[in-house]
Amino acid sequence: AIVFLTIGAGVIFATWGENKGDSSGITATLRTDGRSKVKVALDTMTQDPKIALLGMTQSFFEGAMYIFVFMWTPKMEPLFENLPHGQVFGCFMACMMIGSSLTKYMQQFRGLPAFYLRELFAIGAVCLGLPAMGGTNKYVVVVCFFLFEIVCGIYWPSMGIVKSKYVPEEVRATIYNIFRVPLNLIVVLVLANLGTISDDVVFCICAFLLGGAAFMQHLFFQMAGVKEPREDAMGPAAAATEELAPMTKDDGGESPAK
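Residues numbered from 1 in each chain as written. Predicted model: local features only at pLDDT ≥ 70, side-chain atom pairs only at ≥ 80, totals over all residues. Heavy atoms only, no water.

1. Focus: the confidence of the model for the protein
Close inspection of predicted coordinates is inappropriate for parts of the model with low pLDDT. Per-residue pLDDT for the protein averages 86, and the proportion of residues at 70 or more is 82%. Highest mean pLDDT in the protein belongs to helix α4 (residues 49-76) (97); lowest belongs to helix α11 (residues 229-244) (46). Within the model, the stretch residues 231-258 combines pLDDT values under 50 with nine contacts to residues more than four positions away or in other chains. (pLDDT = per-residue confidence, 0-100. Helix = DSSP H or I, 4+ residues; strand = E, 2+ residues; numbered from the N terminus. Contact = heavy atoms within 4.5 Å.)

Listed below in structure tokens is the structure:
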């Protein structure tokens, strides 16, 4: 891995140009009013609260996801003798790839990511909540973990689409970094207390975080004014009807005789 990372770093350093960003908009404002990018990012979130809500949604989901990365091994080892960690991890990565491939179909059948992410987070909460229940069948636990990885695979491109639409490009990196703070705080607080809480409690916390992400995504959905998929689906039909309307009338404006 070190060899390939070194080669990749060399290729990037030699062939990629530095992204200086856009010299207009907020970047130009920075030079005139003296505000730092952090201050501009905070002001942007104050003026548009749904950006802050989106950032906290990201922190809650990814916090649960990173905790899961640490916790799937201690959860599964007592359930399976001689657990093949490499094969399980490979299956997780395959599930994540499947999820990423499903994103385009999710947009076709469920509309914009801002809409279906609510359902996605709720499914994730169930996937990590069921293993927290005592006596859950070991194969149910495996299926739940695989489904959660599929959820993660759908999440990354879908959330990327949402953030690219609602977060200003000029301060996008700064806003992302700001919400790394609560994300890392969530993960550190949970993992630092593993000696005092059981694995089941940790998965309950993950389920709670995912439920909170679903609730905040619902609030974001309402604040952003995203249309329901049924409304969006009527758009092409309505446009086609309007386009064909003149063809059903003659020059006098009356319907042609049969």
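2. So, the side chain of Q58
Within the secondary structure, Q58 is located in helix α4. The buried category is assigned to Q58, whose relative accessible area is 6%. The residues touching Q58, leaving out its near neighbours within four places in the chain, are G63, Y155 and K163. (Buried < 20%, exposed > 50% of the residue type's maximum accessible area, 1.4 Å probe, protein only.)

3. Describing unusual backbone geometry
The phi dihedral of N82 is positive, around 55 degrees, even though this residue is not glycine. Counting through the fold element by element, N82 comes out in the loop between α4 and α5 (85-110).

4. Description of α4
Helix length check: α4 (28 residues) gives 40 Å between terminal C-alpha atoms against 40 Å at 1.5 Å per residue, within 8%. F70 marks the point of greatest bend in α4, at about 40 degrees, and the proline P74 comes within the next four residues. Within α4, 21 of the 28 residues are buried, leaving the element largely enclosed by the surrounding structure. (Expected span 1.5 Å × (residues − 1). Bend = angle between axes of the 7 residues up to and from the residue.)

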